Structures are given as C-alpha cells and as structure tokens.
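Inside the fold
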Amino acid sequence: MASTPSSTPQRPFGRMLTAMVTPFTRDGALDTAAAARLATELVDDLGNDGLVISGTTGESPTTSDEEKDRLLRAVIEAVGDRAHVIAGVGTNDTHHTIELARAAEKAGAAGLLVVTPYYNKPPQDSLYAHFTAVADSTGLPVMLYDIPGRTGVAIATETLLRLAEHPQIVANKDAKGDLFGAQRVMSRCELVYYSGDDALNLPLLSVGAVGAVSVTGHLVADRILATILAYESGDVALSRELNDELVPVTEAIMTRTQGVIAVKAALEHQARPGGGALRLPLLPMSTKDRERLVRELAEGGVAGFESIA
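Here the structure is a predicted model, which is why all the values come from computation and not from measurement. (Residues numbered from 1 in each chain as written. Predicted model: local features only at pLDDT ≥ 70, side-chain atom pairs only at ≥ 80, totals over all residues. Heavy atoms only, no water.)

Things to note about the side chain of Ser195
Topologically, Ser195 is positioned in strand 7 (residues 192–195). Judged by its relative accessible area of 0%, Ser195 is buried. Engagement of the side chain of Ser195 in a polar contact is seen with the backbone oxygen of Asp197, the distance being 3.0 Å. Apart from the residues within four sequence positions on either side, Ser195 is in contact with Asp174, Leu200, Asn201, Leu204, Gly211, Ala212 and Val213. (Helix = DSSP H or I, 4+ residues; strand = E, 2+ residues; numbered from the N terminus. Buried < 20%, exposed > 50% of the residue type's maximum accessible area, 1.4 Å probe, protein only. Polar contact = N/O pair within 3.5 Å; in protein donor to acceptor, adjacent residues only side chain to side chain. Contact = heavy atoms within 4.5 Å.)

Take a look at the structure:
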C-alpha cells in the first residue's frame, strides 16, 4: 500500500508540485476520469509529491463550485494517499473563498492555495483581513499565491511578514519576480517559499525556496525535481546544468501564450489525459503555434516530441 505523503515544517507540501490542468471532454464537460489518470501519471511517473487543483492553470475562473468539488474528490481518490492535493480556493470575494475552503476541507484536501483577490485591488490592510479570514475558516494549512501580474496587486513584504505569524499560513507561492523581496521575507520569518514561476525556479532556490509549483511540471516534473535535489545536495553546477536544459521547455510553455493553452496542446500531442479542450475565453493553440511548440519541446528533450520542421 502506498505511504501517506510526508511533510515537515520546512517543506509543508513537499518539493515538487504541478499546478494541474482541468480535463474537459470534447463537448466541454468536466472529465473526472481523465483528471484521475493525469494525476496518477504526474505522481507515479513524473515524481510529483503534490498537485494543485483548480488554480489558474486549472481554468478555475470557468469551472463551477460543484465542478471544483468533483474534480478535487476525483484527484484525492486517485493520489491522495501518496501526494499532497492542494485545492485552489482563491477568489476576489472573501465569503465565496471561505465557502470553497470549507468545501475543500470536507472533501479531504491537504491544504489550500489562496490567491490575492484580483480586479478589486484591495489595499494591504484589506489583503491581511482577507487572508486571515480564510485561514481562520478551516484547519487546513494555507499557501498564499502572490502573482501581481494577474491580480493587479502584490502582497507587500510587511504584509507577508504579518501573515506569517498566523499558524495556518505556512507557505507562499511566489510569482512576483522580486528575488530580493522574497529573500527579505525568508530572512525574517518562517514562511516557506515555493517558486510559482518556472523561469525562476533555480534563482528562488538560491535565496531559500524549498520547491516549485510548476506548469511545465506536466512534462518535466522529474527533471525539475532533479534540479531541486541537486541544489539541495550542494551540487550547484549540476543544478545549473539541469536547469539550463529546461530553458527551451519554459520558453515553449510559459512565454508564447497562456500556460494552460500550451500545456493542453503538449498533452494532446503526447496523447495523454488532460490534453485538448479548453473553455472560453481560452482557445486551443493554432496550428502554426503548435509547430513551434513541438520544435521547442523537442529541443528541450521532452519525451514524445520530434521536430516537424
């Protein structure tokens, strides 16, 4: 029988987590069977010790609360005995976020991912009130998600330090692109950092992050994990070499279009679960862009890709 995933205060959700896409059928319905198969591949074949469900890469803005619950339960049933299954519950409505958090706890989630409220651009005291209200609403550990490029507002250093004092707020998925800001927080409190930007996985490790919440992990989680382990073991040269080999993959998935669009095209090319259909306002990748995607992923050594140029 598989063992329950381990966690420590220094690494509360493991090292390597993929922010998982949400599979849909061709007619746009939620495909929980495909989600279970994809989750199993990501954990058993690619070495993830955690998965984030219903994040932005999971197209959470276009799935209903009922769909989020069914998706979460399907993934927990598939891999919850051997990976941390984290539920994305963040919205720009504190009451709604609390409802989603309580539903995730009831479903058996190992933790919550709570993004900064988007569009309404709350000031810092409002951010603090929002995050603490959500953290107070369940007994689950909370990973903040700081991504001002999407939300329109960053979590300030001083606010992060205040939030770190809350016993349930244990980690931050950092996609702010401010390495010194991250270092300032980590040097002054026990808030655990995970890279939320594949382009900065290794730089964030160098200032104290413990792992990654990755989009490219759908394809190369095992190689990102190898990079993390090499750095942890003190082999900086090897970690740089492994990280350099992933540059074409990060370029292909994270710099050409929305990450989920590229990932679903890549999964479809590999004939893996989760590929194909998206929900509007997202559209599938064009044929021309798919050709470039295949070339770049072939350059990055991703299995199942051959250049068609």
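Overview of the packing of aromatic side chains
One pass over the structure, following the stated rule, counts one aromatic pair. Here Phe13 and Tyr194 contribute two aromatic rings whose centre-to-centre distance is 6.4 Å and whose plane-to-plane angle is 45°, an arrangement assigned as tilted. Taken together, the positions of Phe13 in the segment before strand 1 (16–19) and Tyr194 in strand 7 put the pair 181 residues apart, joining distant regions of the chain. Assessed through its relative accessible area of 1%, Phe13 is described here as buried. (Phe/Tyr/Trp six-rings, centres within 6.5 Å; stacked < 30°, edge-to-face > 60°.)

Structural notes on the sheet that holds strand 7
Strands sit in the order 1-2-3-4-5-6-7-8 around a closed barrel of eight strands; the barrel is parallel. The average undirected angle you get between the axes of adjacent strands in this sheet is 25°. Across three bridges, strand 3 (residues 84–88) lies against strand 4 (residues 111–115) in parallel orientation. Residue pairing in the sheet places Gly88 in a bridge with Leu113 of strand 4. (Pairing = 2+ DSSP bridges. Axes fitted to C-alpha atoms, helices over the stretch in contact; angles between N-to-C directions.)

Points about the nonpolar core
The biggest cluster of nonpolar side chains holds 84 residues, and the ones touching the most others in it are Met20, Leu51, Leu72, Val75, Val79, Leu293 and Leu297. Counting residues per element, this core draws most heavily on helix 12 (residues 259–269), which supplies seven residues. With residues up to four places along the chain from it excluded, the contact list for Leu72 reads Ile53, Val85, Ala87, Ala104, Ala107 and Ala109. (Core = buried A, V, L, I, M, F, W, Y, C linked by side-chain atoms within 4.5 Å.)

Section: the UniProt feature "site: Part of a proton relay during catalysis" (unreviewed entry) in the protein chain
Under the feature "site: Part of a proton relay during catalysis" (unreviewed entry), the UniProt entry names Thr56 and Tyr119. Note that Thr56 resides in the loop between strand 2 (50–53) and helix 2 (65–79). Classification of Thr56 as partly exposed rests on a relative accessible area of 26%. Excluding its chain neighbours within four sequence positions, the residues that come into contact with Thr56 are Tyr145, Arg150 and Gln258. As for its placement among the helices and strands, Tyr119 is situated in the loop between strand 4 and helix 4 (124–136). We classify Tyr119 as exposed; its relative accessible area is 75%. Once residues lying within four places of it in the same chain are set aside, the contact partners of Tyr119 are Asn92 and Thr151. (UniProt positions renumbered as here; feature names shortened; annotations may be inferred.)

Topic: the packing of helix 9 (residues 217–232) against helix 10 (residues 236–245)
Between helix 9 and helix 10, the shortest axis-to-axis distance is 7 Å and the interhelical angle comes to 160°. With respect to each other, helix 9 and helix 10 are oriented roughly antiparallel. Crossing handedness for the pair helix 9 and helix 10: left-handed. Between helix 9, through Arg223, Ala226, Thr227, Ala230 and Tyr231, and helix 10, the contact on the second element is made entirely by Val236, Leu238, Ser239, Leu242, Asn243 and Glu245. Looking at side-chain class alone, the contact of helix 9 with helix 10 contains six nonpolar, three polar and two charged residues. (Parallel < 35°, antiparallel > 145°, perpendicular 65-115°, else oblique. Left-handed = near helix turned anticlockwise from the far one by under 90°. Nonpolar A, V, L, I, M, F, W, Y, C, P; charged D, E, K, R; others polar.)

Here's the deal with a negative patch on the surface
Together, Asp235, Glu241, Asp244 and Glu245 make up a region of like negative charge exposed at the surface. With respect to the helices and strands, Asp244 occurs in helix 10. (Patch = residues over 30% accessible without salt bridge, like charges linked within 9 Å, V, L, I, M, F, W, Y side chains within 5 Å. Areas by Shrake-Rupley, 256 points an atom, 1.4 Å probe, with all protein chains shown as cover. Salt bridge = Lys/Arg side-chain N within 4 Å of Asp/Glu carboxyl O. Lys, Arg positive; Asp, Glu negative; His and termini not counted. Charge placed at Lys NZ, Arg CZ, Asp CG, Glu CD.)

Concerning helix 12
Summarising burial for helix 12: nine of the eleven residues are buried, a large majority. Of the residues flanking the start of helix 12, the one acting as N-cap is Gln258, its side-chain oxygen 2.9 Å from the backbone nitrogen of Val260. Ala271 lies just past helix 12 and shows a positive phi near 60°.

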